Amino acid sequence: MISRFAVTLLLAVPGAAIRTAEMSPLATMISGMAEVGTLDVKAMKVDKLVQALEQTAEIMKTQNFAEAAKELNDNAQYLKGCPESTVDECLTSEEHKHTLQTKQKPAALKGQTPAMGMFWSARILGFIGEMFKQVSQSKDLSTAALDAFKMRLTEAWSCSWTAPIDVATRKLVRSSLAGGLPTGEKAKEMIAKLGTTKELSDFAESSLPLADALWSAIKAHQLDGSYGYGCD
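Let me sum up the structure you'll find in this document. Here the residue numbering is sequential within each chain, running from 1 through the sequence in written order. Residues qualify for local features only when their pLDDT is at least 70, as the model is predicted, and side-chain atom pairs are given and counted only at 80 or more; totals for whole chains, interfaces and linings, by contrast, use all residues. Excluding hydrogens and water, the side-chain figures rest on all heavy atoms present in the structure.

**Points about the packing of aromatic side chains**
Part 1: Each Phe, Tyr or Trp ring (for Trp, its six-membered ring) is paired with any other whose centre lies within 6.5 Å, and the angle between the two planes then decides the class: stacked below 30 degrees, edge-to-face above 60, tilted in between. A complete count under the given rule lists six aromatic pairs for this structure.
Part 2: Ring centres of Phe-119 and Trp-120 lie 5.0 Å apart, and the angle between their planes is 85 degrees; this geometry places the pair in the edge-to-face category.
Part 3: According to the relative accessible area criterion, Trp-120 is buried, its value standing at 18%.
Part 4: An angle of 40 degrees between the planes, with centres 5.2 Å apart, marks the rings of Trp-120 and Trp-157 as tilted. Remark: Trp-157 occurs in the loop between α6 (141-152) and α7 (164-179) and Trp-120 occurs in helix α5 (residues 114-136); sequence separation between them is 37 residues. Here Trp-120 matches Trp-157 in class, with each residue buried.
Part 5: What links up through ring pairs into an aromatic cluster is the set Phe-119, Trp-120, Phe-149, Trp-157 and Trp-215. Here the term buried applies to any residue with accessible area under 20% of the maximum for its type, exposed to any over 50%, and partly exposed to those in between, with areas from a 1.4 Å probe on protein chains only. Counting from the N terminus, the helices are the DSSP runs of H or I reaching at least four residues and the strands are the DSSP runs of E reaching at least two.

Right, dumping it as structure tokens:
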């Protein structure tokens, strides 16, 4: 298992020597979030967003957060259907492909599309950021993951008895993302390999505003396919 990433930093000063600095996995993820460059979706480039999501997913995978990593990476790939565009341009181009949300019904999103990728990327990135935020505040990893799931993901599926597939899917995803995480000392050891408590907090401060900006854009374009508002 990789506990530290050796990152080569090329100084901006002309003719400066190449220096190698050791960064924690979390520090590398924070740096990747910063590369997105802006929270303004009208200026945010999809390509840069994809790079940050892919980097986060790859690091999460090496640190035994395999399920979250897979979901984040898979959905980031769907965003590649919007090359050389901003997030706002991408979502605008997606509107005619889907049944848009109304006051009565959520959007019906087609699978493996940039809109679907944006929907899940925003939710999963929010889940990861919220989980690490709560761990930085001394909450146990497993409990933090369950709370983060409730805050960021549970509303994606209906909780109505008339939608048994949604109910079953929500339980399955919750179990895969949060149910298998360690508790107690094993959890502390797992988190320590990621980085410091401050880095957990710093990642949350960089990832959660990004997830929220994406979510606001999704709603603005009437592409919110969430069925479970009000679910516990």
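Next comes the rest of the write-up.
**With respect to the environment of Leu-79**
Part 1: By the element assignment, Leu-79 lies in the loop between α3 (66-78) and α4 (87-94).
Part 2: Each C-alpha atom, one on Leu-79 and one on Met-116, is 8.5 Å from the other, the two residues being 37 residues apart in sequence.
Part 3: Note on contacts: a residue pair qualifies if any of its non-hydrogen atoms lie within 4.5 Å across the two residues. Residues within four places of Leu-79 in sequence aside, it is in contact with Val-46, Leu-49, Val-50, Leu-53, Pro-114, Gly-117, Met-118 and Ser-121.

**Thoughts on the nonpolar core**
Part 1: Ranked by size, the top nonpolar core spans 63 residues in total, and within it Phe-65, Val-87, Phe-127, Met-131 and Phe-132 carry the most contacts.
Part 2: Sequence-distant contacts of Val-87, defined by excluding residues within four places in its chain, comprise Val-41, Met-44, Val-46, Leu-49, Met-118, Leu-214 and Ala-217. For the purposes of this section, nonpolar cores are sets of buried Ala, Val, Leu, Ile, Met, Phe, Trp, Tyr and Cys residues that join through side-chain atoms within 4.5 Å.

**A closer look at the state of the cysteines**
Part 1: In this description, a disulfide is simply a cysteine sulfur pair whose atoms lie within 2.5 Å. Scanning the model with the defined rule gives one disulfide in all.
Part 2: Bridging Cys-82 to Cys-90, the disulfide has an S-S length of 2.2 Å. One disulfide, between Cys-82 and Cys-90, carries an S-S torsion of 75 degrees and so falls in the right-handed class.

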